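Take a look at the letters that make up each chain.
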Amino acid sequence: MQQLLNGIFIGSIYALFAIGFTLVFGILDRLNLAHPAVFAASAFVGIELVERGGLSLWAALPIVFVFGAVLGLLIERLAFRPLKGRADAHFAGLISSIALAGMVIALLQWRYGPDTRRFPAGSFPDTRYEVAGAQVTLVQVVILGVSLALMVGLTYMVTRTRLGRGMRAVAENPDAARVLGVNVDRITAVTFAISSALGAVAGVLFAINVNTAQLGMGSAIELKGLAVIIVGGMGSLPGALIGGLALGLAEVFAVQYIGSSWRDVIAFGLLFLILLLRPQGLLGARKVREV
Amino acid sequence: MLLEYATTLTFIALGAIFAYSFYAVLIAGQLSLGQAGFASLAAFSAASLAPSGDDVGDVPALLIAVVLGMAVGALASVVLGLPTMHLRGVFLAIATLGFAEAVRIVLLNQEWTGGAQGLAVPRILTVGMAWTALAVVAYWFWRMGRSRYGRALEAIREDELAARSMGIDVGRHRLAAFVTSGAVAGLYGVLYAYYVRLIAPGDFDFVAAVEGLVTAVLGGSTMFLGPLLGSGFQTMIPEIQRAVGVEAGWIRPFLASLLLLVVILFLPGGLASLIPRRTRMPQSDGGDGDRGAHLAARRHPAAGETVATLAGLGKEYGGVHAVRDIDLEIRAGEVVGLIGPNGAGKTTLVNMISGLVPPSSGSATVLGASIGRTPVHKLAGAGVSRTFQHSKLFNRLSALENVLVGGHLVSRPTFLRRLLWLPSSRRDERAALEHAARCLNRVGLGDLAGNRASSLSYGDQRRLEIARALASEPSLLILDEPAAGMNHVEAAKLSALITSLAADGLTILFIEHNVGMVLETCTRVVVLNFGEVIASGTPEEIAADPAVIEAYLGTEDHEPVTGSIAEGTLDDPTGGAAQNAPAGAVTNVGPSAAGTLEPPDTTSRDAT
């Protein structure tokens, strides 16, 4: 039971991270490899807000959300918009976002140094609950709550609001959307902002969960994020949620029953199997190519 | 002097070789990140299996290791490639990445690899050997570039479906590119192992794979020198920074990333795009005597023989019958026009005939091949060639290269002979070039041979598609709205071209909305409406057919359709006042100006 809950907590963070990833891919057909850098940067910024700014953990979250959104706008403006209309935009976008990620990580190293950082002692409330014989901390409950709330909010926004309708229109066909009066550039920028804001919150939550932030934490979760969005289905928001939770649970149980050194094989084995059997992912829709 | 830089130079060579393993698939439009896994497998198996340098001598030991490693890399890529070749784009990248990570973790947990401690390997590789290996790899890709095989890979990158229709076996070519990539990655793994003295599975992780991809894309993935330039850039930047005295730990990665960003944003096509790409045209003077001597000649069916037989052919999309129950026979030498209102099922029908869409009912035989069971490229091999309603050109290739790809089926493979500089490959290449130039000239695009396909005007792109289709010497040529976007002068020229092709023995099936042109050009016209044949016969019969008039104009009360067609077109194209207008000069003229019977779809809806 304890393992199950741990799996759900870590899985909800994976899901939150992956949803940001998959949002950009689903709507704009671009893989933003600077997403992990946002994840890492926001963890460091979150720690600094608590340490220097004296904010409580929870007050830091909205600030980090905004910070992530701004970073997302920058990523779109610097790494993706200049590539618009280029024949190799797909490959070039991967590289430019990798380059931007490298710059962000270098800046983090400048600001915070290469060492692991932690939240100052005493910033965690030590309220604990007992659920069906398992220990759950308030922090974990909040992590789950925030992740779920953000994902529900995002789903509502995409399916119900005017902005979300614009996003779906752009996802279907950017040219047609433009002709029909959708401001495609604005939708693109907003999508990046939202995606990065979610990635940023995921970063802080992750840092809170394990109480560390490292420069390499982004690349560690990057592969998992990719696995999650493939397993769930590229561009599918509920798919990313389910994929994230599944990965979190699979990892926790793999560590318990097979051994920690084989943990990641599970993730990639699953990924590989899905790609072979159901390339569109669990919940993805197969795109039909037209002649 | 050189010794001082030996380490740097060796790493440039190694980085370039690794980048070539990415280049090998990028050139075919595949994004794979599995190369680190191939390199890892190759490095560890070669290092443990190859004899020690003390027994057989250093260089033989390295050579044996290289052969072993390349074989392991190639084998691994076949094993990974067979199940994943149907994946595209990012999906392939992530699947192969998953494979590489799985390899890393498995190797990390093995005894014989030394696990995380790594495996000690003697240092045998020298800077000279590294550059020799690099030269061999670069030579391979240089010679591949302008071979038939290399062009086919580029065609697949630009438009897979069109490549299939030109008779290219896409699956085999993609797998071949993938295996090449695996072998080159294996080579890298072994060379790396025999240089750094100690290898650990962590040396071949995600970061390494990304580094290789970055190097390849940075250098440019459409030109064989790209990986070398990319590796030089990636390796030299830190060196230069150190020499200049940039110290702080974060500035170096920051500047390197910044430079990478600048290059990728401002140099589309990578560093290699700084090197001008020569456009080659065949010398028109040379050797008219042995024209096409080296091209495979196709025997067209004799006039009157059956080319295609359709029996009860139908296609259903989720309950909607796009085409139903078509019986049709096309005989050699015929020019069959397929007309009908929008949505009548014309394109679906030709998609089935050309093998792109499997029928849901009925059967058809085209040039001896059975539709629905024959892959597109086999059907193209049987002699079917087509153009598309929406141009599907190979956009980043020149017009001439587009047509060269069209000649894939009739030209001979030249890559292996080009590696050996055999004169016969040169002759074959020249024959293919001359053939392509002839096809271009035939549609009037000879002057634009060196232009990128994407830079051509709409009408010229339509013509280029026809030239590309012609280059395969088809027995059955299918044209899907070839005159769309052409003015009446151009349409008249096209009509003359079609007539002359028919005189050469080709059978032609074409869809066109320009009814006047169809009636003028065709020997037989088939009219489709709501997925069914409503009339079939000579142009005269069709023009007088009440069912056709009704389909087009809604009721029979209207003025007879024959009059308006004759008025709109039969006069226009033949009145050759503007006949000498330069090709493509007037391309923005709407189709209605070309005498098209414009609003058929509204009338057909009224008719229901």
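From a predicted model like this one, the values you see are computed outputs, not experimental measurements.

### Section: the overall build of chain B
Inference 1: Scanning chain B from terminus to terminus reveals 24 helices and 12 strands.
Inference 2: Burial status across chain B gives 55% buried among its 608 residues.

### Concerning the overall build of chain A
Inference 1: For chain A, the helix and strand inventory stands at 11 helices and 2 strands.
Inference 2: For chain A, the sequential pattern of α-helices and β-strands runs α-α-α-α-β-β-α-α-α-α-α-α-α.
Inference 3: For 291 residues, the compact-globule estimate of 2.2 N^0.38 gives 19 Å, and chain A sits close to it at 19 Å.
Inference 4: Each of the three principal axes of chain A carries a C-alpha extent, and together these read 55 × 45 × 35 Å.
Inference 5: Taken across its 291 residues, chain A has 51% of its residues classed as buried.

### Digging into the UniProt feature "transmembrane region" (unreviewed entry) in chain A
Residue and element names in this part refer to chain A.
Inference 1: Residues annotated by UniProt as "transmembrane region" (unreviewed entry) correspond here to residues 7-28, 57-79, 91-112, 132-158, 187-208, 228-253 and 265-285.
Inference 2: Overall, residues 7-28 shows 100% helix and 0% strand. The separation of its end C-alpha atoms is 31 Å.
Inference 3: In the segment residues 57-79, helix accounts for 100% and strand for 0%; the C-alpha atoms at its two ends are 31 Å apart.

### Quick look at the pairing of strand β10 (residues 507-511) of chain B
All names here are of chain B.
Inference 1: For β10, the tally of buried residues reaches 5 of 5 residues, placing the bulk of the element in the interior.
Inference 2: On β10, burial covers both faces: Thr507, Leu509 and Ile511 on one face and Ile508 and Phe510 on the other are all buried.
Inference 3: Here strand β5 (residues 335-339) pairs with β10 via 4 bridges, running parallel. The partner of Leu338 across the bridge, within β10, is Ile511.
Inference 4: Bridge count for strand β9 (residues 476-480) against β10 is 5 bridges, and the pairing is parallel. For Leu479, the partnering residue across the bridge sits in β10 and is Phe510.
Inference 5: Between the parallel pair β9 and β10, the chain is carried across by helix α19 (residues 488-503), and the sense of this crossover is right-handed.

### Considerations on the domain arrangement of chain B
Inference 1: For chain B, the assigned domains are domain 1 (3-273) and domain 2 (306-383 + 474-607).
Inference 2: In this complex, domain 1 of chain B contributes 6 residues to the contact, which on the side of domain 2 of chain B involves 5 residues.

### Description of the UniProt feature "transmembrane region" (unreviewed entry) in chain B
Inference 1: Cross-referencing UniProt, the feature "transmembrane region" (unreviewed entry) maps to residues 6-26, 62-82, 89-108, 120-142, 175-194, 206-229 and 250-275 of chain B in the present numbering.
Inference 2: Regarding residues 120-142 of chain B, the helix share stands at 70% and the strand share at 4%, and the terminal C-alpha atoms are separated by 35 Å.

### Focus on the sheet that holds strand β3 (residues 306-317) of chain B
Residues and elements named next belong to chain B.
Inference 1: Across the sheet, which stays open at both edges, the 4 strands sit in the order β4-β3-β6-β7 with antiparallel pairing between neighbours. Of all the strands in the sheet, just β4 (320-331) and β7 (369-370) have a single pairing partner and so form its edges.
Inference 2: When strand β6 (residues 361-366) meets β7, the two strands line up antiparallel, connected through 2 bridges. Residue Thr365 lies in a different strand from β7, and its bridge partner there is Ser370.

### With respect to the pairing of β5 of chain B
As a general feature of sheets, a regular strand has side chains that alternate between the two faces.
All names here are of chain B.
Inference 1: Taken across its 5 residues, β5 has 5 buried, putting it largely inside the fold.
Inference 2: Burial of β5 is two-sided: the residues Val335, Gly337 and Ile339 facing one way and the residues Val336 and Leu338 facing the other way are all buried.
Inference 3: Of the pairings in the sheet, the one linking β5 to strand β11 (residues 524-529) comprises 4 bridges and is parallel in character. Residue Ile339 lies in a different strand from β11, and its bridge partner there is Val527.

### Observations regarding the packing of helix α1 (residues 2-28) of chain A against helix α5 (residues 138-160) of chain A
A pair of packed helices is characterised by two quantities: the angle between their axes and the separation of those axes.
All names here are of chain A.
Inference 1: Running from N to C, α1 and α5 cross one another at 30°; their axes reach a closest spacing of 9 Å. Two packed elements cross with a definite hand, and for α1 against α5 that hand is left-handed. Mapping the contact onto sequence places Ile8, Phe9, Ser12, Ile13, Ala15, Leu16 and Ile19 in α1 and Gln140, Ile143, Leu144, Ser147, Leu148, Leu150, Met151 and Leu154 in α5.
Inference 2: A class-by-class count of the residues in the contact of α1 with α5 yields 12 nonpolar, 3 polar and no charged.

### Quick look at helix α4 (residues 89-112) of chain A
Inference 1: For α4 of chain A, spanning 24 residues, the distance from its first C-alpha to its last is 33 Å, which sits close to the expected 34 Å at 1.5 Å a residue.
Inference 2: Burial within α4 of chain A is extensive, with 17 of its 24 residues counted as buried.

### Overview of the interface of chain A and chain B
Inference 1: Listed per partner, the contact involves 37 residues of chain A and 42 residues of chain B.
Inference 2: Elements supplying a minimum of two residues to the side of chain A that touches chain B: α4, α9 (217-232) and α11 (263-277) of chain A.
Inference 3: By residue number, the principal contributor to the side of chain A that touches chain B is α4 of chain A, which donates 14 residues.
Inference 4: Per-class residue counts for the side of chain A that touches chain B are 27 nonpolar, 7 polar and 3 charged.

### Some points on the environment of Ser454 of chain B
All names here are of chain B.
Inference 1: Relative to the helices and strands, Ser454 is located in the loop between α17 (423-442) and α18 (458-470).
Inference 2: With 14 C-beta atoms counted inside 10 Å, the residue Ser454 sits in the partly exposed group.
Inference 3: When the C-alpha positions of Ser454 and Leu397 are compared, they lie 8.3 Å apart, and in sequence the two are 57 residues distant.

### Considerations on the confidence of the model for chain A
Inference 1: With 96% of its residues at a pLDDT of 70 or more, chain A shows a mean pLDDT of 85.
Inference 2: Considering only residues more than four positions removed or in separate chains, one finds that residues 286-291 of chain A, a stretch of pLDDT under 50, has 5 contacts.

### What to know about the nonpolar core
Inference 1: In this structure, Leu16, Ile19, Ile95 and Val201 of chain A together with Ile17, Leu191 and Leu440 of chain B are the most contacted members of the largest nonpolar core, which totals 300 residues.
Inference 2: With residues near it in sequence (within four places) discarded, Ile95 of chain A still touches Val214, Val217, Leu218, Leu260 and Ile264 of chain B.

### Quick look at the sheet that holds strand β12 (residues 532-537) of chain B
Residue and element names in this part refer to chain B.
Inference 1: Here 6 strands make up an open sheet; going across it, the order is β8-β9-β10-β5-β11-β12 and the pairing mixed. Every interior strand has two partners, whereas the edge strands, β8 (384-386) and β12, have only one. Direction aside, the axes of adjacent strands within the sheet are offset by 20° on average.
Inference 2: Contacting β5, β9 and β10, α19 runs over the sheet at an angle of about 150° to β10.

### Side note on the packing of α5 of chain A against helix α8 (residues 184-210) of chain A
Residues and elements named next belong to chain A.
Inference 1: Direction vectors running N to C along α5 and α8 enclose 170°, while the axes themselves pass 10 Å from each other. Accordingly, the angle class assigned to the pair α5 and α8 is roughly antiparallel. Residues Val139, Ile143, Val146, Ser147 and Leu150 of α5 form the contact with α8, whose participating residues are Leu198, Val201, Leu205, Ile208 and Asn209.

### What to know about unusual backbone geometry
Of all residues except glycine, most have a negative phi; of all peptide bonds, most are trans.
All names here are of chain B.
Inference 1: Even without being a glycine, Leu367 presents a positive backbone phi close to 50°.
Inference 2: One can find Leu367 in the loop between β6 and β7.
Inference 3: Accessibility expressed as a C-beta count within 10 Å gives 21 for Leu367, which makes it buried.
Inference 4: Notably, Trp421 is not glycine yet its phi reads approximately 60°, a positive angle.
Inference 5: With respect to the helices, strands and loops of the structure, Trp421 is situated in the loop between α16 (415-419) and α17.

### Some details on the environment of Arg172 of chain B
Residue and element names in this part refer to chain B.
Inference 1: Relative to the helices and strands, Arg172 resides in helix α9 (residues 170-196).
Inference 2: You can call Arg172 exposed: it has 12 C-beta atoms within 10 Å.
Inference 3: Once the C-alpha coordinates of Arg172 and Met85 are considered, the two residues, 87 residues apart in sequence, prove to be 9.4 Å apart.

### A few points about the environment of Gln256 of chain A
All names here are of chain A.
Inference 1: Note that Gln256 resides in helix α10 (residues 237-257).
Inference 2: Overall, Gln256 belongs to the partly exposed group, with 14 C-beta atoms counted inside 10 Å.
Inference 3: For the pair Gln256 and Gln3, spaced 253 residues apart in the sequence, the C-alpha separation amounts to 8.4 Å.

### Some points on the confidence of the model for chain B
Residue and element names in this part refer to chain B.
Inference 1: Across chain B, the average pLDDT comes to 83, with 87% of residues at 70 or higher.
Inference 2: The least confident element of chain B is helix α24 (residues 600-607), whose mean pLDDT is 36; the most confident is α9, at 95.
Inference 3: Low confidence marks residues 284-293, where pLDDT is under 50. Its contacts with residues over four positions away, or in another chain, come to 4 contacts.
Inference 4: Within the model, pLDDT remains below 50 along residues 558-608, and this stretch shows 80 contacts once partners closer than five positions in the same chain are excluded.

The rules behind each value
Residues numbered from 1 in each chain as written. Chains lettered and ligands numbered in written order. Predicted model: local features only at pLDDT ≥ 70, side-chain atom pairs only at ≥ 80, totals over all residues. Helix = DSSP H or I, 4+ residues; strand = E, 2+ residues; numbered from the N terminus. Buried ≥ 20, exposed ≤ 12 C-beta atoms within 10 Å, placed from the backbone. Rg over C-alpha atoms; globule rule 2.2 N^0.38 Å. UniProt positions renumbered as here; feature names shortened; annotations may be inferred. Pairing = 2+ DSSP bridges. Right-handed = clockwise from strand over helix to strand, strands pointing away. Domains from an automatic or database assignment. Contact = placed C-beta atoms within 7 Å. Axes fitted to C-alpha atoms, helices over the stretch in contact; angles between N-to-C directions. Left-handed = near helix turned anticlockwise from the far one by under 90°. Nonpolar A, V, L, I, M, F, W, Y, C, P; charged D, E, K, R; others polar. Expected span 1.5 Å × (residues − 1). pLDDT = per-residue confidence, 0-100. Core = buried A, V, L, I, M, F, W, Y, C linked by C-beta atoms within 7 Å. Parallel < 35°, antiparallel > 145°, perpendicular 65-115°, else oblique.

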